[in-house]
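Chain by chain, the residues run as shown.
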There are 6 protein chains.
Amino acid sequence: MKVKQEDLDDLGLEEIARGIENMEIRGAALIARAASIAMEKWVNEYQGDDIDDFKEWMEEGKKRLINTRPTAVSLSNAIRYVLNVEYDDLENTKETIRSRCIIFNEKSKTAAKKIAEYGANRIGEGETILTHCNSTLALGAIKYAWDIGKDVSVIATESRPKKQGYITARQLLEWEIPVTLIVDSAVRHTMKEVDQVFVGADTIASNGALINKIGTSQVALCADEARVPLIVCAESYKFSSETIFGKLVELEERDKSEIVDPKEFPGLVIRNPVFDATPPEYIDVIVTEEGIISPYVAYKIIKEMIK
Amino acid sequence: MKVKQEDLDDLGLEEIARGIENMEIRGAALIARAASIAMEKWVNEYQGDDIDDFKEWMEEGKKRLINTRPTAVSLSNAIRYVLNVEYDDLENTKETIRSRCIIFNEKSKTAAKKIAEYGANRIGEGETILTHCNSTLALGAIKYAWDIGKDVSVIATESRPKKQGYITARQLLEWEIPVTLIVDSAVRHTMKEVDQVFVGADTIASNGALINKIGTSQVALCADEARVPLIVCAESYKFSSETIFGKLVELEERDKSEIVDPKEFPGLVIRNPVFDATPPEYIDVIVTEEGIISPYVAYKIIKEMIK
Amino acid sequence: MKVKQEDLDDLGLEEIARGIENMEIRGAALIARAASIAMEKWVNEYQGDDIDDFKEWMEEGKKRLINTRPTAVSLSNAIRYVLNVEYDDLENTKETIRSRCIIFNEKSKTAAKKIAEYGANRIGEGETILTHCNSTLALGAIKYAWDIGKDVSVIATESRPKKQGYITARQLLEWEIPVTLIVDSAVRHTMKEVDQVFVGADTIASNGALINKIGTSQVALCADEARVPLIVCAESYKFSSETIFGKLVELEERDKSEIVDPKEFPGLVIRNPVFDATPPEYIDVIVTEEGIISPYVAYKIIKEMIK
Amino acid sequence: MKVKQEDLDDLGLEEIARGIENMEIRGAALIARAASIAMEKWVNEYQGDDIDDFKEWMEEGKKRLINTRPTAVSLSNAIRYVLNVEYDDLENTKETIRSRCIIFNEKSKTAAKKIAEYGANRIGEGETILTHCNSTLALGAIKYAWDIGKDVSVIATESRPKKQGYITARQLLEWEIPVTLIVDSAVRHTMKEVDQVFVGADTIASNGALINKIGTSQVALCADEARVPLIVCAESYKFSSETIFGKLVELEERDKSEIVDPKEFPGLVIRNPVFDATPPEYIDVIVTEEGIISPYVAYKIIKEMIK
Amino acid sequence: MKVKQEDLDDLGLEEIARGIENMEIRGAALIARAASIAMEKWVNEYQGDDIDDFKEWMEEGKKRLINTRPTAVSLSNAIRYVLNVEYDDLENTKETIRSRCIIFNEKSKTAAKKIAEYGANRIGEGETILTHCNSTLALGAIKYAWDIGKDVSVIATESRPKKQGYITARQLLEWEIPVTLIVDSAVRHTMKEVDQVFVGADTIASNGALINKIGTSQVALCADEARVPLIVCAESYKFSSETIFGKLVELEERDKSEIVDPKEFPGLVIRNPVFDATPPEYIDVIVTEEGIISPYVAYKIIKEMIK
Amino acid sequence: MKVKQEDLDDLGLEEIARGIENMEIRGAALIARAASIAMEKWVNEYQGDDIDDFKEWMEEGKKRLINTRPTAVSLSNAIRYVLNVEYDDLENTKETIRSRCIIFNEKSKTAAKKIAEYGANRIGEGETILTHCNSTLALGAIKYAWDIGKDVSVIATESRPKKQGYITARQLLEWEIPVTLIVDSAVRHTMKEVDQVFVGADTIASNGALINKIGTSQVALCADEARVPLIVCAESYKFSSETIFGKLVELEERDKSEIVDPKEFPGLVIRNPVFDATPPEYIDVIVTEEGIISPYVAYKIIKEMIK
């Protein structure tokens, strides 16, 4: 069962933490908003009257939430944002955090809409867009373009091993947007029919590199070779402030049985990396809710985000 | 049921033609040798005594064979080779064709061995070789290197949609050569661990371009980006003399149900191209039975082959 | 008849608006300054005493000006700058706008001088500079270098169809700076004699792409191939804040008779695009009045400009 | 007045030499055929009976012809071909030269047809072909494709300063093939609508470099950047055997008044290079009457040609 | 004799100025800190009571220090930082400058530690790092990685003519970190064994270009060709604010006898450039104490630094 | 003591073999010619009358010579050339080998002259040529250009560790050709002043790759980046026929004390590779005595050479 945005207001920090842990609250955006709501509730639950004690209280809440998904960029960014305060006068500090929670929540809700609009502006009449895996934001931009009357069509990659391309295809068929499915190996061969590539983002590093579903860097390389623009759609809280301090984004490897049953191939090593890194020189622009930017100014976005 | 080399001697032209048609005789090398044997038999079956009549007879045999698989490069090259004679004195001409048939057959049988040896010479101790799809010649070179004591290991791509990478993996496991399986999208991500890429060839065009299993050009691009050499293994009769005259190699599209059952996705367009074209600038060398060459001298190989 | 800077002080908003409409006020810099003067006058003409009413009044003036040339980046940037105020106390707000108008005007006047100086610093003794079309700022930098004693020479492209290269040549001849004229097709052939390329800008997009006279991207490509630096000269109000929101810069096509009389070629399609887009990876630096920057920080310049 | 193929048979060597000198016989192909006819006549005019004397006679004829246009590659190649004999028995030698003259003449006449056909094979249904300047062979291939029912369209560059693009446009309009004219600076901007580029050749050097109308190398660079194939159409006698020995092809500069009247710009240096050199890495294939080759085997073509 | 950090507190401005002049105070970091201490002392020595007079006094101190090494970026940056104040109330201003001096000094001392830590985060277990010349910061990052248990090894270039690679090798041997020495010409040949390149910086220009020891740009080119990341370690005061205004960093040429005794080669020209410029496209990231950034945001770092 | 060409005629096979072994006969060209003379003598020494016996005799001589320097390409090529005969009639065979020996010797002697001439043709008036290490053939071409009046100048790299650049510099000074010495690290920095790069060759592989002095591939990369042509000078017997069969050219590592005394750096690993491999895409042309070719036709040269 998936928790929806409208259910969040009734939950406290502990309930939200559990929801994130057990994946009932999922998706980078929803997790971020849930965390900001949890922190707001946590402020209200505080019953002491000492500023230092309050600070410890807040750190405790933060720790509880972070531990649910320690590598989720949007989660830690949301908390960093709402706790970016001076602990001086108690009431004052409580009020500031509460209002930052509300602001973050609102900003996050409008971010997807803005990215869809800005991204759609970049799509020309009659264009063919290739997309890899299944990105809500990338599809949002394509949908927006379609809704304002642009005659677009989409090429979706299968995206082995989990074949999220099928989800993408179903979504587009439901919207009645023309869509063609290809295997991942056919990207370069098909590139000459493509006008632009749109993908989402798991994480953006401080030097502008994109961490996203395995194969994204290969699609990006093929696009670059053929002078086809690559557009990344990402809310600003996908930008990892950890990478500023050199922490490399860990590239998860998932269970090998996602690819093939290992028992069928005794002795075979199976590698199942889930993400890869696309260098910034293969990215034309990143569409964020703050506007359309070069990947190279990621550092500036991070600095603004954690202000 | 697959016809083997040793069965061919008992068959006449018509039987061989049918075997090629119904795919009991398959694989570029076997088809080529079968055609040369068929032609030898066809010469022997001729009962007339007129050189012009004999020429027509041979043209008839040629036509029968070509029609079984009109786009098979190795088939037409084999026949072109054995019929590359002057029709003057009847006995003389018959003898020349017969001996060309025998020579072709022998050359073909030794070609794979030579390619394995020459290719293995290029493999260094302890190297990791990436291969795409399932190429007998590429695996032959790897096996040869292993047999002479080089400690190689292999990374095999899955090769969607037909997953011929599984056949590659099984073959290598049987030989006890260490092998790792990855999905096609993980090639670029994995390239930094790769020393060389070895692939086979469906066809080589007169400008050195390689026609091979879909995804080969993408693997080649990733190798080129990372300064990893790409080695193509191909007998000289894979070089298409048709391309000299501008005929483009047709890139077959196969049934879409190989990818996914279309009924599950009403309205979805599915594209299933089986081959793609790798430009010569991404190919370091082609290993042929004549030696190791730059792809750019393909024209010379073709000219020599049809001498 | 062209209106000059010194005539502007005598004109009101409506007169200035008409001047822009009928092209008597032209050139990105002059238009921007005229708009700031118009807005200052417009503040002074307001006779009410209500802050909301005043805001409407200002919006009306803004609308009148913007409508004269809706796609002129410098015009909308000038107005955005002067109206970047809080509408609170009436007198206070009027005063703030007035002073922003004066500041903008001054900044604009000094911008060209600064760009000439900073650009000239980049030019070495004895260098050969190639320039395309006719850019006041690019020529300003060359002139500055010449005036401080650097022995430069210039290669000017013809710049078909309007041949603005002739204007460039005449200007340089008047300054007695050695200049060579070539046709647009000879740029790559001539590049080995060139030390640097200097061009102007129509618009800079938020990802650092340059919109400029048709052919600029081709010159940039030839420079990049030969490791020759490309320097763009542009005031900060050439940076388009619209592009932050994904709005693509429209690339105007002008009358085909500029190329050839269509009547001479019945049936011929003639295309006359006036601008093209140069990707940021072909631009070494942009010289602005704020300093010399990488094109990739365009987003930061825009953010600062509209502060 | 232009001499046509059918007039040549009535002319002797001296008349043909004069025709070449005064440009009545022009175009690389016609000059080559005229030279072979002249040599045949010259053999017939010989009245002596000494083989050494005959050799001197032939050298004299050769010298007369070469001097008419010392840098014309097709002229010297034609003569080199027909005189590639052993001077032993007189009658035998005369016969050999005569027959080489006839063969050369025939080969040349069929070369253009073959190139048109081979080139047309490379053009796909519905493709847009960009061409630069005015090449009979490139247009021949396009026409052939059109005639066999392929729905092609053409983009022609203006080709300053002489605007040969207008001749190209007129020719295509006459054939009713859709054609669009652009200025030379618009090539990169237009490249995304182009499927292939077809150009002719003035000379091909022994390393595969192409000497052709100024701007060709720039078009080639733009095509390469966008992964658009560049196809060169050239008879084998355009391949310069002189370049084998290091002789650089001289790149002619023509009268500056072709660009603009120098009197209008006192002090202006005007440069009017007529040819530029395209490196072989920007050329996909060269279409010759011998077949379609990589530019890198130019050396082999030259060796075969002068056999 | 080299002055150490702990000696600085006992020195006044004039003594520090002399120490910088005679090279007893050397190294970019130490010079910067010495300058901030000198300015703090200089404030304390002021005995007047007039704010304008005080401003002149400070300018005098600044001039004395700058003149010791007019091209040292870290020196002018340190002074620019501490004097970035409003001269209003005298006591207030003195206090502000004093505290900026202390802050700068502290920031500088911690910068090297932070850079070591952030840089070490980028180094993976078992990696081979190539380094050129002798950079304290680059070695600091390698040492940090080693100390936290990462099994790194280093390839050091000789770095002709002064062979600072020997100093690098000795330092690493002392730390017991495995190190291999190669000549400068062997960099490309060795690159396939390298995981990352770490170098220091003399100066960073406003467009992200790196000025560093001769050969750095060549190492960077070889790394880029092989997709090996290049990491630059640089404190923020290595970023040159002068380059914002177009001032090119002067690339010093040192005495030719550093290469070979000119007397041995009468007539020989010997060139000994000490620095070269690496374009930002060959730099993956710059590690600063502010975090890890793309070279393209150098402009932003400079703007922040001089705030 | 070095044996000279004129001394060779007095020596028999065994003496020549010893001369090669003890390095008194050295240099690729001299070794090749010595081998052909040795084989001629060896034929003359044969006293039997049986063709099979004679064949064994010749194999024995071949073996003796090859063993002196088993990896010397010119040695094995010379022997392969002279023994490329049918062993049928004894006297006939002896005569054929003898005459092949004489021909080879003559061809070799004229090869250097031809390469100098062809190479010089490629050098333009006033050009600056960069050369690496010390190549007799490359210097020969420069000298030829100088002697026919071209005003060339040379930049010579030091070529660590053996500093053969000093030999190059001395040779050029002796010829009074202007020469500048730089360290190996300064190549990229200096490249903008270079018109062409000329180098020699140790070996050319069948795919056109160049094996030459360590650093050559780095120089080639820098030249390629800046669009500066790289010219390789090599006699056809530098082309390795072994590489046709996949044998990789072994890249020798020499004594580490050539770089630095290992005792000074206990624990330091020192690597001293002497050669590196330059891929053919960085080579513009190879100047051979057969003419100027693309590296990609190396295979053809090898095939012709061993005819």
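Just so it is clear, the model here is predicted, and its values are computed rather than measured. (Residues numbered from 1 in each chain as written. Chains lettered and ligands numbered in written order. Predicted model: local features only at pLDDT ≥ 70, side-chain atom pairs only at ≥ 80, totals over all residues. Heavy atoms only, no water.)

Draft legend 1. Broad picture of the confidence of the model for chain A. Scored by pLDDT, chain A comes out at a mean of 93, with 99% of its residues at no less than 70. In the model output, the complex is listed with pTM 0.91 alongside ipTM 0.88. (pLDDT = per-residue confidence, 0-100.)

Draft legend 2. Expanded view of the relation of the copies chain A and chain B. Least-squares fitting of chain A to chain B yields an RMSD of 0.1 Å, with the superposition described by an axial translation of 0.1 Å and a rotation of 180°. Here the copies are linked by what is in effect a two-fold axis. Every residue of chain A has its C-alpha some distance from the rotation axis, and the shortest such distance is that of Asp184 of chain A, at 3.3 Å. Of all interface residues in chain A, 100% are interface residues in chain B too; the two copies therefore contact each other through one and the same surface. (Least-squares fit on C-alpha atoms with pLDDT ≥ 70 in both. Contact = heavy atoms within 4.5 Å.)

Draft legend 3. Representation of the packing of aromatic side chains within the structure. Residue and element names in this part refer to chain C. If you walk through the whole model with that rule in mind, you get 54 aromatic pairs over all chains. Look at Trp42 and Trp57: their rings are 4.0 Å apart centre to centre, the planes differ by 5°, and that puts the pair in the stacked class. Of this pair, Trp42 sits in helix H2 (residues 28–45) while Trp57 sits in helix H3 (residues 51–66), and the two are 15 residues apart along the sequence. Classification of Trp42 as buried rests on a relative accessible area of 11%. (Phe/Tyr/Trp six-rings, centres within 6.5 Å; stacked < 30°, edge-to-face > 60°. Helix = DSSP H or I, 4+ residues; strand = E, 2+ residues; numbered from the N terminus. Buried < 20%, exposed > 50% of the residue type's maximum accessible area, 1.4 Å probe, protein only.)

Draft legend 4. Structural context of the relation of the copies chain B and chain E. Superposing chain B onto chain E requires a rotation of 179° together with a translation of 0.0 Å along the rotation axis, leaving an RMSD of 0.2 Å. The fraction of interface residues of chain B whose copies in chain E are also interface residues reaches 100%, indicating that both copies meet through the same surface.

Draft legend 5. Region of interest: the pairing of strand E1 (residues 128–131) of chain C. Residues and elements named next belong to chain C. Alternating residues of E1 divide into Thr128 and Leu130 and Ile129 and Thr131, and every residue in both groups is buried. The pairing of E1 with strand E2 (residues 153–157) spans four bridges and is parallel. Along E2, the bridge assignment pairs Thr131 with Ala156. The β-α-β motif built from E1, the intervening helix H6 (residues 136–147) and the parallel element E2 has right-handed crossover chirality. Pairing analysis gives three bridges linking E1 to strand E4 (residues 196–199), with the strands arranged parallel. When the bridges of E4 are listed, Ile129 appears paired with Gln196. (Pairing = 2+ DSSP bridges. Right-handed = clockwise from strand over helix to strand, strands pointing away.)

Draft legend 6. Up close: the side chain of Lys150 of chain C. All names here are of chain C. Note on placement: Lys150 falls in the loop between H6 and E2. Within the buried core, Lys150 has no salt-bridge partner, and the shortest N-O distance to an opposite charge, that of Glu125, equals 7.4 Å. Engagement of the side chain of Lys150 in a polar contact is seen with the backbone oxygen of Ile123, the distance being 2.6 Å. Leave out the neighbours within four places in its chain, and Lys150 touches Ala120, Asn121, Ile123, Gly124, Glu125 and Ala145. (Lys, Arg positive; Asp, Glu negative; His and termini not counted. Salt bridge = Lys/Arg side-chain N within 4 Å of Asp/Glu carboxyl O. Polar contact = N/O pair within 3.5 Å; in protein donor to acceptor, adjacent residues only side chain to side chain.)

Draft legend 7. Fine view of the interface of chain A and chain B. In this assembly, 45 residues from chain A lie in contact with 45 residues from chain B. Taken together, both faces of the contact between chain A and chain B bury some 3900 Å²; the carbon and sulfur share is 59%. Across the contact surface, chain A and chain B share four salt bridges. A salt bridge links Arg160 of chain B to Glu158 of chain A; the nearest nitrogen and oxygen atoms lie 2.1 Å apart. For the side of chain A that touches chain B, the elements supplying multiple residues, two or more each, are helix H7 (164–174), strand E3 (179–182), helix H8 (187–190), helix H9 (216–225), strand E8 (269–270) and strand E9 (275–278) of chain A. Counting residues per element, the side of chain A that touches chain B draws most heavily on H9 of chain A, which supplies five residues. In terms of residue class, the side of chain A that touches chain B is built from 26 nonpolar, eight polar and eleven charged. Here E8 of chain A runs beside strand E3 (residues 179–182) of chain B; their pairing, made up of two bridges, is parallel. Residue pairing for E3 of chain B: Ile270 of chain A is matched across the bridge by Leu181 of chain B. (Buried area = accessible area lost by both parts, 1.4 Å probe. Nonpolar A, V, L, I, M, F, W, Y, C, P; charged D, E, K, R; others polar.)

Draft legend 8. The arrangement of the sheet that holds strand E9 (residues 275–278) of chain E in detail. Residues and elements named next belong to chain E. Taking strand neighbours across the sheet as the criterion, the three strands line up as E5-E6-E9 in an open arrangement whose pairing is antiparallel. Where the open sheet ends on each side, the last strands, each with one partner, are strand E5 (203–204) and E9. As paired strands, E5 and strand E6 (residues 210–213) are joined by two bridges and run antiparallel to one another. Across the sheet, the residue bridging to Thr203 is Ile211, located in E6.

Draft legend 9. Quick look at the interface of chain B and chain E. Each partner contributes to the interface: chain B provides five residues, whereas chain E provides five residues. Linking chain B with chain E are two salt bridges. Across the pair Glu225 of chain E and Arg227 of chain B runs a salt bridge, and its minimum N-O distance is 3.1 Å. Linking chain B to chain E there are two residue pairs in polar contact (both at pLDDT 80 or more). Of the residues that constitute the side of chain B that touches chain E, the class distribution is two nonpolar, no polar and three charged.

Draft legend 10. Main features of helix H10 (residues 298–305) of chain D. In terms of burial, H10 of chain D is largely enclosed, as six of its eight residues are buried. Along H10 of chain D, the residues that are buried comprise Ala298, Tyr299, Lys300, Ile301, Ile302 and Met305 of chain D. Where the residues of H10 of chain D are buried, they touch helix H10 (298–305) of chain B, helix H4 (73–82), strand E5 (203–204) and strand E11 (291–293) of chain D together with strand E11 (291–293) and helix H11 (298–305) of chain F.

Draft legend 11. Here's a closer look at the sheet that holds strand E5 (residues 203–204) of chain B. Read from one edge to the other, the open sheet built from three strands follows the order E5-E6-E9 (chain B), with strand pairing classed as antiparallel. Lying at the two open borders of the sheet, with one neighbouring strand each, are E5 and strand E9 (275–278) of chain B.

Draft legend 12. Highlighting unusual backbone geometry. The linkage connecting Arg160 of chain C with the following residue, Pro161 of chain C, adopts the cis geometry, with an omega of 0°. Take Pro161 of chain C: it is sitting in the loop between E2 and helix H7 (164–174). In this structure, Arg227 of chain B is a non-glycine residue whose phi angle is positive, near 60°. Its location among the elements puts Arg227 of chain B in the loop between helix H9 (216–225) and strand E7 (230–233).

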